[in-house]
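Observations on the three-dimensional arrangement
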Amino acid sequence: MATNTRRQPPLCRENRGIHHRVMRTLMVFVVAVLSLLWVFQIVLLDEFYRWSKTYQMRQTSDVLSANIDNAELEDLMNHLAGRSGMCIVLLSEHGKTIAASEDIQYCLIHRMSKADRTFWCSLAPEDGSVLTELFNVAPQMGDRFNPRSFQGHVPQVKDEQQALLCVRRVTLGDGTTGYLLLNAIITPLDATVDTLRTQLVVITIVVLLGAVLLALTISRRLARPIIETNNAARSLSRGEYHPPEHGSEYKEMAELNQTLVLAAKELSRVDALQNELIANIGHDLRTPLTMIGGYAEVMRDIPGEATPENLQIVIDETARLTSLVSELLDFSRLQAGSAELSIAAFDLTDAVERIVQRVARMTEKDGYRLIFTPDEHIAVQADEERIEQVVYNLIGNALTYTGEDKTVTIRQMVTDGHVRIDVCDTGKGISEEELPLIWNRYYRAKESHRRAVIGSGLGLSIVQSILEKHGARYGVESTVGQGTRFWFELTVTE
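Residues numbered from 1 in each chain as written. Predicted model: local features only at pLDDT ≥ 70, side-chain atom pairs only at ≥ 80, totals over all residues. Heavy atoms only, no water.

Moving on: helix 4 (residues 73-84). Spanning 12 residues, helix 4 covers 16 Å between terminal C-alpha atoms, matching the ideal 16 Å at 1.5 Å per step. Buried within helix 4 we find Leu73, Met77, Leu80, Ala81 and Ser84. With its buried residues spanning 100 degrees around the axis, helix 4 presents them on a single face. When the buried face of helix 4 is taken as reference, the exposed residues oriented beyond 90 degrees from it are Asp75 and Arg83. Looking at the buried positions of helix 4, the neighbouring elements they touch are helix 3 (45-66), strand 1 (87-92) and strand 2 (97-101). (Helix = DSSP H or I, 4+ residues; strand = E, 2+ residues; numbered from the N terminus. Expected span 1.5 Å × (residues − 1). Buried < 20%, exposed > 50% of the residue type's maximum accessible area, 1.4 Å probe, protein only. Arc of directions from axis to C-beta. Contact = heavy atoms within 4.5 Å.)

Below, the structure is given as structure tokens:
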């Protein structure tokens, strides 16, 4: 038989702590930066140096070409050659040297034969652009130098060096053609590379040590309040939460702790209200069950007690139990969002009148009085059954908490295309502190539990859910010692 087993995520790989993640991220970033620095400063140093030297020589040729007929051209050549470390020669079209400046050792131009100079000059573009060519040249005396003949560490001389030759065709002051030849050694000196390499080694060691210390400090400071908050939040299910010692070091953590404190208070309050609701429902269920059981035993054991009056009591209490269970089911469906609305036009005034008449017949024997005198009949677009449930529950709530006169008044008012239904009682009223809480799903007024005159006494949460599904406005107004008024509004249908 095949079994379907769910693989648990590998905690050691996927669920690493923030402390390790911050350290790892920072270390990866530092290593990446250092690697990039090594690549550019050591591996690609020759390439960058060659590009920079080529660009510098092109700029030098541009300056000399612009000042080719200047009387102090040779001074300019000496200045540029000394500044840039290159050799510059200006030749006539017949190969005669007009001006020259030599500032480098092993100059390629001066080591060329006249034929070689003529050859490279002939290759210069006629549009005045620069011809560049890279050569490998051997230094003078390089073959005769043997470092093994000396004691100690003697730096070796490279067998070959790279030299860049630039040739440019120019127009001389007398209108004839001339040629600018520029030469520079572009291979970086070994001492420079050795210095950079030593500096990078020192920098790498310092940066790595600093990065480790910084990563440890940042990760600990960042992770500490989160870990403490996580440990403290484990008690949240019990409605207890105390902000940790370092829970306010960061703005986001302070806000999170404040939210968790509020959540703990709400959970504690909800637990208390839920327990009270269970007790109230138990009371509502126990009372009719006791009466049904008691009257049934009486009718069974005592001959002649199976009277219509006793049977009616059993029927009424059974209806009360049915109403309680129905409202609990309605409440559950509304909260779960599974209750669908059947929107259609209907006469709201007629619906309220039917409910008032039905409730009046049920309660008149107990001395209750309902007043509803509408001026006109108003139609609305809504779910008729659900709106009737809202009116029924509000009237039932008013009957339960009305005053000694046992009077409940229902009013209908039309303003600005909306019809408003008010249900008013003359009871003790609700204090300002309790008024915002009465719509909470588990809320009960701070007084001894009262058995609902009609319905289950759970109607306000159902009323709220139904009206919110309709997008209707609703509210409550109350004055202590004078009574309470619940109201809701619906859009009038033309």
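So, about the nonpolar core. In terms of nonpolar packing, the biggest core is built from 40 residues, with Leu348, Ile395, Ile410 and Phe488 touching the most fellow members. For this core, the secondary structure elements donating two or more residues are helix 10 (348-363), strand 7 (369-372), strand 8 (379-382), helix 11 (384-401), strand 9 (407-415), strand 10 (418-424), helix 12 (459-470) and strand 12 (483-491). Counting residues in each nonpolar core, the second largest holds 20 residues, with Leu64, Leu73, Met77 and Leu180 among its members. (Core = buried A, V, L, I, M, F, W, Y, C linked by side-chain atoms within 4.5 Å.)

Looking now at the pairing of strand 5 (residues 177-185). Residues in a regular strand project their side chains so that they alternate between the two faces of the sheet. When you tally the buried positions in strand 5, you get eight out of nine residues, the bulk of the element. Pairing analysis gives six bridges linking strand 1 to strand 5, with the strands arranged antiparallel. Note on strand 5: the bridge partner recorded for Val89 is Leu181. Pairing of strand 4 (residues 161-171) with strand 5 involves nine bridges; the strand directions are antiparallel. Bridging from a neighbouring strand, Arg168 pairs with Leu180 of strand 5. Counting the residues between successive antiparallel strands, the hairpin from strand 4 to strand 5 contains five residues, one of them, Gly175, with a positive phi of roughly 90 degrees. (Pairing = 2+ DSSP bridges.)

Residues Leu36, Val39, Phe40, Val43 and Phe48 make up a contiguous nonpolar surface patch of about 450 Å² in total accessible area. Assessed through its relative accessible area of 39%, Phe48 is described here as partly exposed. (Patch = residues over 30% accessible without salt bridge, like charges linked within 9 Å, V, L, I, M, F, W, Y side chains within 5 Å. Areas by Shrake-Rupley, 256 points an atom, 1.4 Å probe, with all protein chains shown as cover. Salt bridge = Lys/Arg side-chain N within 4 Å of Asp/Glu carboxyl O.)

Once that is clear, we can look at the confidence of the model for the protein chain. Of all residues in the protein chain, 79% attain a pLDDT of 70 or more, and the chain-wide mean is 79. Looking at the elements of the protein chain, mean pLDDT is at its lowest for helix 1 (residues 11-14), recorded as 42, and at its highest for strand 10, recorded as 95. (pLDDT = per-residue confidence, 0-100.)

For the rest of this paragraph, the subject is the sheet that holds strand 10. Whether parallel or antiparallel, the strands of a sheet pair through hydrogen bonds between backbone atoms. On the basis of which strands lie adjacent, the open sheet formed by five strands has the order 7-9-10-12-11 and mixed pairing. Only two strands of the sheet have a single partner each, and these edge strands are strand 7 and strand 11 (473-479). When strand polarity is set aside, the average angle formed by the axes of neighbouring strands in this sheet is 15 degrees. Bridge count for strand 11 against strand 12 is seven bridges, and the pairing is antiparallel. Among the inter-strand pairings, Ser478 is bridged to a residue of strand 12, identified as Thr484. Helix 10 rests against strand 7, strand 9, strand 10 and strand 12 of the sheet, and its axis sits at about 165 degrees to strand 7. (Axes fitted to C-alpha atoms, helices over the stretch in contact; angles between N-to-C directions.)

So, about the packing of helix 10 against helix 11. Close contact between helix 10 and helix 11 brings their axes to 10 Å; oriented N to C, the two are set at 40 degrees. The angle between the axes of helix 10 and helix 11 places the two elements in the oblique class. Considering only the axes of helix 10 and helix 11, their crossing is right-handed. Judged by residue contacts, Leu348, Ala351, Val352, Arg354, Ile355, Val356, Arg358, Val359, Met362 and Thr363 of helix 10 engage Glu384, Ile387, Glu388, Val391, Tyr392, Ile395 and Leu399 from helix 11. Tallied by class, residues from the contact of helix 10 with helix 11 come to 12 nonpolar, one polar and four charged. (Parallel < 35°, antiparallel > 145°, perpendicular 65-115°, else oblique. Left-handed = near helix turned anticlockwise from the far one by under 90°. Nonpolar A, V, L, I, M, F, W, Y, C, P; charged D, E, K, R; others polar.)

Taken as a whole, this structure holds nine salt bridges when the rule is applied. Salt bridges linked by common partners bring Arg420, Asp422, Glu477 and Arg485 together as one network.

Read from one edge to the other, the open sheet built from five strands follows the order 2-1-5-4-3, with strand pairing classed as antiparallel. At either margin of the open sheet sits one strand with a lone partner, and together these are strand 2 and strand 3 (130-137). Taking each pair of neighbouring strands and ignoring which way they run, the sheet shows an average axis angle of 15 degrees. Each of strand 1 and strand 2 is contacted by helix 4, which is oriented at about 35 degrees to strand 2, the strand it contacts most. Running at roughly 65 degrees to strand 4, helix 6 (residues 114-122) makes contact with strand 1, strand 2, strand 3, strand 4 and strand 5 of the sheet.

A few words now on the packing of aromatic side chains. Under the defined criterion, the tally for this structure stands at three aromatic pairs. Seen in terms of ring centroids, Phe119 and Trp120 are 5.3 Å apart; in terms of plane orientation they differ by 70 degrees. Their pairing is edge-to-face. Through pairs of rings, three or more aromatic residues link up here, namely Phe119, Trp120 and Phe135. Here the guanidinium or amino end of Lys406 rests over the ring plane of Tyr368, the centre of that ring lying 5.0 Å away. (Phe/Tyr/Trp six-rings, centres within 6.5 Å; stacked < 30°, edge-to-face > 60°. Lys NZ or Arg CZ within 6 Å of the ring centre and 35° of its normal.)

Let's shift gears to the environment of Asp174. Here Asp174 lies in the loop between strand 4 and strand 5. The class for Asp174 is exposed, based on a relative accessible area of 60%.

On to unusual backbone geometry. Its identity as a non-glycine residue notwithstanding, Lys406 has a phi of 55 degrees, on the positive side. Examined against the element boundaries, Lys406 turns out to sit in the loop between helix 11 and strand 9. Within the chain, Asp416 stands out as a residue other than glycine whose phi angle is a positive 50 degrees. Its location among the elements puts Asp416 in the loop between strand 9 and strand 10. The exposure class of Asp416 is exposed, given its relative accessible area of 77%.

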